[in-house]
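Fold and geometry: a report
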Amino acid sequence: MKFYDEMFADEAVPHEAYERYYKWYAAQNSKSLQKKMREAEAVFRRTGITFNVYGKKDAEERLIPFDIIPRIIAADEWDELTKGIEQRVEALNLFLHDIYHEQNVIKDGILPANLVANNEAFLQKMIGVKPPGGIYTHIVGVDLVRTAKNEFYVLEDNARTPSGVSYMLENRETMLKMFPDVFAENRVRRVSDYPHILRKSLSSCAPDACTGKPTLAVLTPGIHNSAYFEHAFLADQMGAELVEGHDLKIENGRVCMRTTRGYDPIDVIYRRVDDEYLDPLNFNPDSMLGVPGIFDIYRSGGITIANAPGAGIADDKAIYSYMPDIVKYYTGKEALLKNVETWRCSEPDSLTYVLDNLHDLVVKEVHGSGGYGMLIGPAASKKELADFRAKLIDNPAKYIAQPTLALSTTPVFVKSGLSPRHVDLRPYVLVGANGVNITPGGLTRVAMEKGSLVVNSSQGGGTKDTWVLEA
């Protein structure tokens, strides 16, 4: 299988976007770059940029591997991508409003009713609820993969609580400190204003109950959560409060936060707690992470929760398979970004095809994330294929399957020089009353093992700084 190399048009001949960078790289001393790699690792360790891997016996905090070779995207490529991303995010918000109100997308035969009615991410209690400003997905991560020069696919949508933006910001800050001369020679669009834009975007969605400057808080499950570093980082960078469920209570129809002055109202909560654990009175009664009664205050217009409860149904990988039709239904135009061909294993014909071709396919859980519960057929052993076959037969509706794509590669720095590795890209999209803002670049995740297609940090993947060049 031939893979598109994003840096090189031919051996040692870089694509135009990489020309200036490669000229600089070729003049560098290998030992000096190896030293820079060690310095970057030391920076991340001192800063505490770590994550937890769930389900492992040695589930201690680990560093996400960082590679010092940037992934570079030309201005014209980025401009085309942003048009497709903005169209997709617009459709996602319209879709969420529709399924929690009129459900015309079902009535008009675009989407089967059972994909919503039987979906564990669909919140019945959100029916008829309109979020402040009508916005469901305030922060969206759209995962993209590339297979050719002008060919990008959406791998999945992250409309629940997309993570990783702190790594994007820290990657850039580290690169700026280590290689200031490279940035002087390349006109790279900045990403450092993301926290400011995030605060501005969230503040624009404050509820009617807000009477002054909106008070923002980041709701975290606590220090044992795998993304706690990011929760604390974003709260600090936004100038918002970092709170846990036990710091909050309902008082006079508002969600209030404990302070040295007593309890003060909060207007906007950027929650990093899943729906199920958000409110023990309305959802999981055993939850110790949420706030009893917060959903009732939300329904009455007393607080904005970002992203909206119930938005996670847009993450559903079976729903994803209908996204081209959903985009056209709500925008009236063909989807600018392609979907990966997807077989829904809940359908008998699709299941038969998947079982017959399991060794060639990638199989994912409908509600899975982080690379967990996934099978990559071409890399699987006979036993893994047999075990997954049994899972599919036992519960086919739990899975979808996709072809193994020829993901593009970008080089990583190794002792011998540059070596190609597969990558994906997660641009971050902010949606507020003041419009849509797409951060130029996003998080590039890279499979650190040669030949691997798995880029998730939980499965050993690393990250790169992503440069979008000025026109």
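In this convention, every chain numbers its residues from 1, walking through the sequence in written order. Given that the model is predicted, a residue must reach a pLDDT of at least 70 before its local features are reported, and side-chain atom pairs must reach 80 or more before they are shown or counted; all residues, however, enter totals for whole chains, interfaces and linings. Each side-chain value is derived from all of the structure's non-hydrogen atoms; neither hydrogens nor water enter the calculation.

1. Description of the overall build of the chain
- A count of helical and extended segments in the chain gives 15 helices and 25 strands.
- Each radius of gyration reported is based on C-alpha atoms, and the globular scaling rule is 2.2 Å times the count of residues to the power 0.38. Relative to the compact-globule value of 23 Å for 471 residues, the chain shows a C-alpha radius of gyration of 22 Å, a close match.
- Taken along its principal axes, the extent of the C-alpha atoms in the chain is 65 × 60 × 50 Å.
- Only protein chains enter the area calculation, which uses a 1.4 Å probe; residues under 20% of their type maximum are buried, those over 50% are exposed, and those in between are partly exposed. Here the chain holds 471 residues, and the buried ones make up 56% of them.
- We call two residues in contact whenever any of their non-hydrogen atoms come within 4.5 Å of each other. Here the analysis covers contacts within the chain between residues at least 6 apart in sequence; of these, 68% occur between residues at least 24 apart.
- All accessible areas in this document rest on Shrake-Rupley with a 1.4 Å probe, and a residue is counted as covered only by the protein chains that are shown. Taken as a whole, the chain presents about 20800 Å² of accessible surface, with 49% of it coming from carbon and sulfur.
- The charge count treats Lys and Arg as positive and Asp and Glu as negative. His and the chain ends do not count. Where a charge lies is defined by one atom per residue type, namely NZ (Lys), CZ (Arg), CG (Asp) and CD (Glu). Placing the 53 positive and 63 negative side-chain charges of the chain at their respective mean positions leaves the two points 4 Å apart. Strands are runs of DSSP state E lasting at least 2 residues, helices are runs of H or I lasting at least 4, and numbering of each runs from the N terminus.

2. Overview of the packing of helix α6 (residues 165-178) against helix α9 (residues 228-238)
- Packing of α6 against α9 brings their axes to within 9 Å, and their N-to-C directions diverge by 70°. Taken as axis vectors, α6 and α9 run roughly perpendicular relative to one another. Crossing hand, α6 versus α9: left-handed. Counted together, Val-165, Ser-166, Tyr-167, Leu-169 and Glu-170 of α6 and Phe-229, Glu-230, Phe-233 and Leu-234 of α9 form the full contact between these two elements.
- Residues are sorted three ways: Asp, Glu, Lys and Arg are charged, Ala, Val, Leu, Ile, Met, Phe, Trp, Tyr, Cys and Pro are nonpolar, and all the rest, Gly among them, are polar. Classifying every residue of the contact of α6 with α9 by side-chain character gives six nonpolar, one polar and two charged. Between N-to-C directions, angles span 0 to 180 degrees; the directions come from axes that are lines fitted to C-alpha atoms, helices contributing only their stretch in contact. What sets the label is the angle itself: under 35 degrees gives roughly parallel, over 145 gives roughly antiparallel, 65 to 115 gives roughly perpendicular, and the rest give oblique. Put simply, a crossing is left-handed when the front helix is turned counterclockwise from the back one by less than a right angle, and right-handed when it is turned clockwise.

3. So, the sheet that holds strand β18 (residues 375-376)
- Only strands joined by at least two bridges in the DSSP assignment are considered to pair. Taken in spatial order, the four strands of this open sheet run β16-β19-β17-β18, and their pairing is antiparallel. Edge positions in the sheet fall to β16 (343-344) and β18, since each of these pairs with one other strand and no more.
- When strand β17 (residues 361-365) meets strand β19 (residues 399-403), the two strands line up antiparallel, connected through five bridges. Bridged to Val-362 within β19 is Gln-402.

4. Focus: the nonpolar core
- Remark: nonpolar core denotes a set of buried residues (Ala, Val, Leu, Ile, Met, Phe, Trp, Tyr, Cys) joined through side-chain atoms within 4.5 Å. In this structure, Phe-95, Leu-96, Ile-99, Tyr-100, Leu-248 and Ile-313 are the most contacted members of the largest nonpolar core, which totals 74 residues.
- Of the residues forming this core, the biggest block, nine residues, is contributed by helix α3 (residues 75-99).
- Shared between two domains, this core holds at least three residues of each, these being domain 1 (8-207 + 303-340 + 405-468) and domain 2 (208-302).
- Every residue in contact with Leu-248, bar those within four places of it in the chain, is listed here: Leu-219, Val-243, Val-255, Cys-256, Met-257, Ile-266, Ile-269 and Val-291.
- Phe-8, Leu-63, Phe-66 and Val-182 belong to the second-largest nonpolar core, a separate cluster that totals 26 residues. For the purposes of this description, domain bounds are those given by an automatic or database domain assignment.

5. Details of unusual backbone geometry
- Here Ala-306 and Asn-307 are connected by a cis peptide whose omega angle stands at -10°.
- Notably, Gln-103 is not glycine yet its phi reads approximately 60°, a positive angle.
- By secondary structure assignment, the location of Gln-103 is in the loop between α3 and α4 (104-107).
- On the basis of relative accessibility, which here comes to 24%, the residue Gln-103 falls in the partly exposed class.

6. What about the packing of α3 against helix α13 (residues 323-331)?
- With their axes 9 Å apart at the nearest point, α3 and α13 run at an angle of 85° to one another. In terms of orientation, α3 and α13 fall into the roughly perpendicular class. Of α13, the residues touching α3 (which contributes Gln-87, Arg-88, Glu-90, Ala-91, Leu-92, Leu-94, Phe-95 and Asp-98) are Met-323, Ile-326, Val-327, Tyr-329, Tyr-330 and Thr-331.
- Here the residues of the contact of α3 with α13 sort into nine nonpolar, two polar and three charged.

7. Quick look at the side chain of Asn-307
- Residue placement: Asn-307 occurs in the loop between β14 (304-306) and α12 (317-320).
- A residue is classified by how much of its surface remains accessible, and Asn-307, at 2% relative accessible area, is buried.
- Polar contact criterion, stated in full: a pair of N or O atoms within 3.5 Å, where within protein one must be able to donate a hydrogen and the other to accept it, and residues adjacent in sequence count only if both atoms are side-chain atoms. A distance of 2.8 Å separates the side chain of Asn-307 from the backbone oxygen of Ala-159, its partner in a polar contact.
- Polar side-chain contacts of Asn-307 include one of 3.2 Å to the backbone oxygen of Arg-160.
- Setting aside residues no more than four positions away along its own chain, Asn-307 makes contact with Tyr-136, Thr-137, His-138, Ile-139, Ala-159, Arg-160, Pro-162 and Arg-271.

8. Observations concerning the pattern of salt bridges
- Take a side-chain nitrogen of Lys or Arg and a carboxyl oxygen of Asp or Glu: if they are within 4 Å of each other, that pair is a salt bridge. Going through the model one piece at a time under the given rule, you end up with 29 salt bridges.
- Arg-71 is paired through a salt bridge with Glu-6; the nearest N and O atoms lie 2.8 Å apart. Remark: Glu-6 occurs in the segment before β1 (8-10) and Arg-71 occurs in strand β5 (residues 66-73); sequence separation between them is 65 residues.
- A residue is classified by how much of its surface remains accessible, and Arg-71, at 2% relative accessible area, is buried.
- The partner of Lys-464 in a salt bridge is Asp-67, with the nearest N and O atoms 2.5 Å apart.

9. Observations regarding the pairing of strand β6 (residues 139-148)
- Counted residue by residue, β6 has nine buried out of ten residues, so it is predominantly covered.
- The sheet contact formed by β6 and strand β22 (residues 428-432) spans three bridges and is antiparallel. In the sheet register, Ile-139 faces β22, and the bridge partner there is Leu-430.
- Where β6 and strand β7 (residues 151-158) come together, seven bridges link them in antiparallel fashion. Across the sheet, residue Gly-141 finds its bridge partner in β7, namely Asn-158.
- Linking two consecutive strands that pair antiparallel, namely β6 and β7, is a turn of two residues.

10. A closer look at the domain arrangement of the chain
- Examined at the domain level, the chain breaks down into domain 1 (8-207 + 303-340 + 405-468), domain 2 (208-302) and domain 3 (343-402).
- Averaged C-alpha coordinates put domain 1 and domain 3 at centres separated by 25 Å.

11. Digging into the side chain of Thr-342
- Within the fold, Thr-342 resides in the loop between β15 (338-339) and β16.
- Polar side-chain contacts of Thr-342 include one of 3.2 Å to the side chain of Gln-402.
- Once residues lying within four places of it in the same chain are set aside, the contact partners of Thr-342 are Lys-317, Tyr-320, Ser-321, Ile-400, Ala-401 and Gln-402.

12. Looking at the sheet that holds strand β8 (residues 216-219)
- Strands sit in the order β9-β8-β13-β14 across an open sheet of four strands; the sheet is parallel. Edge positions in the open sheet fall to β9 (241-243) and β14, since each of these has one partner strand only. Across this sheet, the average inter-strand angle for adjacent strands is 25°, counted without regard to direction.
- Of the strand pairs in this sheet, strand β13 (residues 268-271) and β14 are connected by three bridges, and their pairing is parallel. If you follow Tyr-270 over to β14, its bridge partner there is Ala-306.
- Where α9 meets the sheet, its contacts fall on β8, β9 and β13, and the angle it forms with β9 comes to roughly 150°.

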